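# Architecture at a glance
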Amino acid sequence: DGPALSAPGSWVPTRPGAMIKFILMVNKQGQTRLAQYYEFLSVRERVTLEGELIRKCLSRSESQCSFVEYRDYRVVYRRYASLYFIVGIDNDEDCNELAILEFIHTLVETLDKYFENVCELDIMFNLEKAHIILDEMVLDGCIVDTNKAAILNPLYLLEKHSS
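Calculation rules
Residues numbered from 1 in each chain as written. Predicted model: local features only at pLDDT ≥ 70, side-chain atom pairs only at ≥ 80, totals over all residues. Heavy atoms only, no water. Helix = DSSP H or I, 4+ residues; strand = E, 2+ residues; numbered from the N terminus. Buried < 20%, exposed > 50% of the residue type's maximum accessible area, 1.4 Å probe, protein only. Contact = heavy atoms within 4.5 Å. Salt bridge = Lys/Arg side-chain N within 4 Å of Asp/Glu carboxyl O. Core = buried A, V, L, I, M, F, W, Y, C linked by side-chain atoms within 4.5 Å. Axes fitted to C-alpha atoms, helices over the stretch in contact; angles between N-to-C directions. Parallel < 35°, antiparallel > 145°, perpendicular 65-115°, else oblique. Left-handed = near helix turned anticlockwise from the far one by under 90°. Nonpolar A, V, L, I, M, F, W, Y, C, P; charged D, E, K, R; others polar.

### As for the environment of leucine 155
- Position of leucine 155 relative to the elements: it lies in helix H5 (residues 148-162).
- With relative accessibility at 2%, the residue leucine 155 sits in the buried group.
- Sequence separation of leucine 155 and isoleucine 133 is 22 residues, and the distance between their C-alpha atoms is 7.7 Å.
- For leucine 155, the contacting residues outside a window of four places in its chain are Tyr114, Lys129, Ile132 and Ile133.

Here's what the structure looks like:
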């Protein structure tokens, strides 16, 4: 494949398909606190997917593997305190579940750094800031940054100029 020519003199890399299809943050009661989709699903499809997937992940024990297959997705999840972080990825052989597990850990560390010991209420009452952090890390289903300082800098600048 390689880069595609979009305009004279400018090259834009082609994107064969995003690896991450969705990211969910869910509490222990199964309520979705944050949902970000990187491919189109109707509201009905999202509700069905979230309901079935959340039940599947929450019913698993701590000793079971954090990787499950669900429909056309490979799902990687991890529980931190009262929140489950669930990431749906392509069901390809090329997908690295351990890298996604590390991504989830980095996301939690970044949220933790910003909110100073993040909890479910921080996500609920600062949903737009949680989305900004997620958007700095993932673009169109591809992980683009994992540097905590670089991810949080735009948010700090936004706060500085809005006060």
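### Section: the pattern of salt bridges
- Within the structure shown, the criterion is met by 8 salt bridges.
- A salt bridge links glutamate 52 to arginine 71; the shortest N-O distance between them is 3.2 Å. Separated by 19 residues along the polypeptide, glutamate 52 in helix H1 (residues 43-58) and arginine 71 in the loop between strand S5 (67-70) and strand S6 (73-80) bring together distant segments of the chain.
- For glutamate 52, a relative accessible area of 34% gives the class partly exposed.
- Its relative accessible area of 47% is what places arginine 71 among the partly exposed residues.
- Here arginine 74 ties to glutamate 97 by a salt bridge, and the two come within 2.8 Å at their closest N and O atoms. Of this pair, arginine 74 sits in strand S6 while glutamate 97 is found in helix H2 (residues 97-115), placing the two residues 23 residues apart along the sequence. Each member of the pair, arginine 74 as well as glutamate 97, carries the same accessibility label: buried.
- Three or more residues joined by partner-sharing salt bridges are found here, namely Lys21, Glu39 and Asp90.

### Some details on the nonpolar core
- Ranked by size, the top nonpolar core spans 31 residues in total, and within it Ile20, Phe85, Ile104, Leu111 and Ile133 carry the most contacts.
- Counting residues per element, the ones that place at least two in this core are strand S3 (20-27), S6, strand S7 (83-90), H2, helix H4 (127-137) and H5.
- Here this core gets 9 residues from one element, more than from any other, and that element is H2.
- Grouped together as the second largest cluster of nonpolar side chains are 16 residues, Phe22, Val68, Tyr70 and Tyr77 included.

### Focus on the packing of H2 against H4
- Running from amino to carboxyl end, H2 crosses H4 at an angle of 135°, the nearest separation of the two axes being 11 Å. By the angle between their axes, H2 is oblique relative to H4. In this structure, the crossing between H2 and H4 has a hand that is right-handed. Facing H2, whose interface residues are Phe103, Thr106, Leu107, Thr110, Leu111, Tyr114 and Phe115, H4 presents Lys129, Ala130, Ile133, Leu134 and Met137.
- Counted by class, the contact of H2 with H4 contains 9 nonpolar, 2 polar and 1 charged residues.

By themselves, these observations are geometric and do not establish any function.
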